[in-house]
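Read off the chains here:
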Amino acid sequence: MSFWEYANPLKFLKLSGTLIPYFSILATITIIAGLSWGFFFTPDDYKQGATVKILYVHVPSAFVAINAWFMMLVASIIWLVRRHHVSALAAKAAAPIGIAMTIIGLVTGALWGQPMWGTWWEWDPKLTSFLILFLFYLGYIVLWAAVEDPDTAADLTSVLCIVGSVFAVLSRYATVFWNQGLHQDASLSIDKEEHVADVFYYPLIVVMAGFVLLFIALVLLNTRSEIMKRRAGAIMARSRV
Amino acid sequence: MAISIESLSVSRGGVNLLQGVDIELENGQAGILRGPNGVGKTTLLRALAGLQPVESGTIKCSLEDICYSGHADGVKPTLTVQENLEFWANIFGSPSIREVAEKFMIIELLNTKVGNLSAGQKRRVGLARLGLTGRQVWLLDEPTVSLDETSVKIFGNIIKDHLSEDGCALIATHIDLGLENSAQIIDLLEFQSNSGDLSSSNEAFL
Amino acid sequence: MIALIFRDLRIAVRAGGGFGLSLAFFFIIVIFFPFAIGPDLHLLSKVAPGTLWVGALLACLLSLERIFALDFEDGTLDLMVTSPLPLEGVVISKAIVHWLTTGLPLVFLTPFLGVLLGLQNSNVIFLIISLIFGTPALSIIGTFGAALTAGMKRGGLLLSILVLPLYIPTLIFGAEAARRGIQGFETQTSILLLSGVTLLSWAILPFAAASVLRINLR
């Protein structure tokens, strides 16, 4: 049996219906376990105190925010090449989740930044890149909403997603270049999570796994509702004629 | 064979309109598409011109032989008739616009801005483009809209000339162009889909 | 393609063609900055590169909607798709015309606006160079955005939301080049990066724009 059989909307509805409960339960357990581990059973950082623990929300949401875009890119290419409706709708379904994760990442970043750097916002390359990612999500979602015909919308947004990916990567490098140009003395580094101690690291991995599971569950759920919407539209079109 | 269509199926707005359309036109032959509004004449012609995808079926005709003319004239109001025609002549690599302008009775309008023309005159400018393309298969969607009786007759003769030069034309029209005796009349009602047939893209969700 | 470029240039300079509108807009936007920031020439000269770049970008944005809207409405686009001209060629011609009627005139206007913002004569050159290398990217990216929204009613606002994020790399590298030049740093890297963005845009976007135009026409 080929993997592509699940590209059939009806088969996908059936499969996702069975899978969603498992993913939801797993995600809940993992996130609760990881967060409690991180919040209550790790020591405070010697420099940052308890504020370091915002890391357990900040990093996983940022991780999912970026990878949601990659998932949309892959799904868009699959739609353009193989014309599987489920693929296009999965890309559409992932966008709101991606933008929500981007917002969570930005807000937790600001909350973390205030006690650490004394400012809510810093035009640091990483923060700026997330702001730009937010704009790209926004454009993608707005375009879906603006086009009436679902196939046309899927085609247009897919091309936008591919082109957007190229320009998002360019923007990422541009911000690095730009910030170096402005502040030579960038003493504030947000790269702390890349050298966090093991004691913070393991619970973080658990929460990240939880966020990924949550993302999968939400995308499946959202794709289902998109498929049902299309289905309702098709049934209505048939009864109209 | 100038154009040959086999069991073609086309959709518009998620609903299947026509199914199993078979049309064959020889060189020098015209086909006239008939059928009530909404039956799918425009959709069929646009699909043949490569402007929209077909659901299934085959079209045997090179896109490079096809010249499509739709509801809109595609002429620019701020340019003169001559400038408009010269543009298309350049695109299609045809030498002279005077001959064509004479044929379509717009020679005295060449230096007028299209914005100052009447709807019928504008239509004639739009149709004159057909003569500039040098292409064999004309796909015409309601070409006689806003033309007066004389112009319709003249245009009918132009089509006849085109046919006598081994051309071919598929025309959606309700008006008598004087071609009816020799032309193949195609009633699209015969190919109408059952009501409730959806496009394949909608069908996938049922 | 040449025929199309000449036709569009002719339409642009005739009455109602909109040529000069974006230029006037650029002018107004830039002289509004002193009103908002205050008349301090020293401060103004500091923000001048950013002001001129953002102004140029907005002026470009304003004229994008026209690129395909008129040809879409009067059926010309349908006819061009069925003509021997490749649609990619149509896109490139449209972008060239947009640059000739918007981007290039903006460059010529820049020295005068630079004076108003307190830029030294010797520094204006950096802005001119950065705009010359950057505005072609704005035109082709904008043409892609215009192709995406061709045929949509009230596509203007949508067009801005789609195009502006794509303008970010050009804006960053362009304004950076001008700023570095004015501060007396080397500008070669940013100019090269800016040209890289421009060339990349011209290499990939005609294909993307042509494909979305075909989708929008059906």
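Refer to the preceding data block for the structure.
A brief structural summary. Remember, it's a predicted structure, so these values are computed and weren't measured experimentally.

### Quick look at the overall build of chain B
Looking only at helices and strands, chain B features 6 helices and 8 strands. Taking 17 Å as the expected radius of gyration for a compact globule of 206 residues, we find that chain B reaches 18 Å, a close match to that expectation. Reported as C-alpha extents along the three principal axes, the dimensions of chain B are approximately 55 × 35 × 30 Å. A burial count over chain B gives 55% of its 206 residues as buried. Of the accessible surface of chain B, which amounts to about 8600 Å², a share of 45% is contributed by carbon and sulfur atoms. Positive and negative side-chain charges in chain B, numbering 16 and 26 respectively, have mean positions lying 8 Å apart.

### Regarding the environment of P150(A)
Residue and element names in this part refer to chain A. Relative to the elements of secondary structure, P150 occurs in helix α5 (residues 150–182). Judged by relative accessible area, which is 29%, P150 ranks as partly exposed. In the structure, P150 is positioned 127 residues away from F23 in sequence and 28 Å away in space, judged by C-alpha atoms. P150 has contacts with W144 and R230, leaving out every residue within four places of it along the chain.

### What to know about the packing of helix α8 (residues 155–183) of chain C against helix α9 (residues 188–217) of chain C
All names here are of chain C. Put simply, α8 and α9 touch, their axes get as near as 9 Å, and they point 155° apart. Between α8 and α9, the crossing angle belongs to the class labelled roughly antiparallel. As for the relative orientation of α8 and α9, their crossing is left-handed in sense. Each of P169, T170, F173, G174, E176, A177 and R180 in α8 lies in contact with α9, whose residues at this interface are S190, I191, L193, L194 and V197. Here the residues of the contact of α8 with α9 are counted per class, giving 7 nonpolar, 3 polar and 2 charged.

### Considering the packing of aromatic side chains
Under the criterion given, the structure shown has 12 aromatic pairs over all chains. Aromatic side chains F177(A) and F173(C) sit 5.5 Å apart centroid to centroid with 55° between the ring planes, which places their arrangement in the tilted category. Separated into two different chains, F177(A) in helix α5 and F173(C) in helix α8 make up a pair that spans both. Like F177(A), the residue F173(C) is buried in the burial classification. Measuring from centroid to centroid gives 5.6 Å for F32(C) and F35(C), while their planes differ by 55°, and the two rings are tilted. Taken together, the positions of F32(C) and F35(C), both in helix α2 (residues 21–37) and 3 residues apart, correspond to about one turn of that helix.

### Here we look at the pairing of strand β3 (residues 30–34) of chain B
Residues and elements named next belong to chain B. With 4 of 5 residues buried, β3 lies mostly within the body of the structure. Bridge count for β3 against strand β7 (residues 168–172) is 4 bridges, and the pairing is parallel. Following the sheet pairing, A30 is matched in β7 by A169. Taken together, the 4 bridges between β3 and strand β8 (residues 184–187) define a ladder with parallel strand orientation. Considered in β8, the bridge of R34 is made with D187.

### Overview of the interface of chain C and chain B
With 23 residues of chain C at the contact, the number on the chain B side is 25 residues. Contact with chain B buries area across many residues of chain C, yet R14(C), L79(C) and T82(C) alone supply 30% of it, more than any other trio. On inspection of chain C and its partner chain B, the count reaches 5 salt bridges. Salt-bridge contacts for D78(C) lead to R46(B); the nearest nitrogen and oxygen are separated by 2.9 Å. Across the contact surface, chain C and chain B share 8 residue pairs in polar contact (both at pLDDT 80 or more). The set of elements that each furnish at least two residues to the side of chain C that touches chain B consists of α1 (2–13), α4 (66–73) and α5 (76–81) of chain C. Along the lines of polarity and charge, the residues of the side of chain C that touches chain B split into 11 nonpolar, 4 polar and 8 charged.

### Here's the deal with the sheet that holds strand β2 (residues 15–25) of chain B
All names here are of chain B. Spatial ordering of the open sheet is given by β2-β1-β4, a layout of 3 strands whose pairing is antiparallel. The sheet is open, and its two borders are formed by β2 and β4 (56–60), each paired with just one other strand. Along the sheet, successive strands turn relative to each other by an average axial angle of 25°, direction set aside. Bridge count between strand β1 (residues 3–12) and β4: 4 bridges; the pairing is antiparallel. Within β4, the position partnered with E6 by the bridge is T58. Contacts from helix α1 (residues 41–48) reach β1, β2 and β4 within the one sheet, and its direction differs from that of β1 by about 120°.

### Overview of the sheet that holds strand β6 (residues 137–141) of chain B
Residues and elements named next belong to chain B. Spatially, the 5 strands line up as an open sheet ordered β5-β6-β7-β3-β8, and their pairing is parallel. Either end of the sheet is taken by a strand with one partner, and the two such strands are β5 (66–69) and β8. Averaged over all adjacent pairs, the angle separating strand axes in this sheet is 15°, with direction ignored. In this structure, β5 lies alongside β6, joined through 4 bridges in parallel fashion. By the bridge assignment for β6, Y68 is matched with L139. In the packing of helix α4 (residues 119–133) onto the sheet, the strands contacted are β5 and β6, and the crossing angle to β5 comes to about 175°.

Parameters at a glance
Residues numbered from 1 in each chain as written. Chains lettered and ligands numbered in written order. Predicted model: local features only at pLDDT ≥ 70, side-chain atom pairs only at ≥ 80, totals over all residues. Heavy atoms only, no water. Helix = DSSP H or I, 4+ residues; strand = E, 2+ residues; numbered from the N terminus. Rg over C-alpha atoms; globule rule 2.2 N^0.38 Å. Buried < 20%, exposed > 50% of the residue type's maximum accessible area, 1.4 Å probe, protein only. Areas by Shrake-Rupley, 256 points an atom, 1.4 Å probe, with all protein chains shown as cover. Lys, Arg positive; Asp, Glu negative; His and termini not counted. Charge placed at Lys NZ, Arg CZ, Asp CG, Glu CD. Contact = heavy atoms within 4.5 Å. Axes fitted to C-alpha atoms, helices over the stretch in contact; angles between N-to-C directions. Parallel < 35°, antiparallel > 145°, perpendicular 65-115°, else oblique. Left-handed = near helix turned anticlockwise from the far one by under 90°. Nonpolar A, V, L, I, M, F, W, Y, C, P; charged D, E, K, R; others polar. Phe/Tyr/Trp six-rings, centres within 6.5 Å; stacked < 30°, edge-to-face > 60°. Pairing = 2+ DSSP bridges. Buried area = accessible area lost by both parts, 1.4 Å probe. Salt bridge = Lys/Arg side-chain N within 4 Å of Asp/Glu carboxyl O. Polar contact = N/O pair within 3.5 Å; in protein donor to acceptor, adjacent residues only side chain to side chain.

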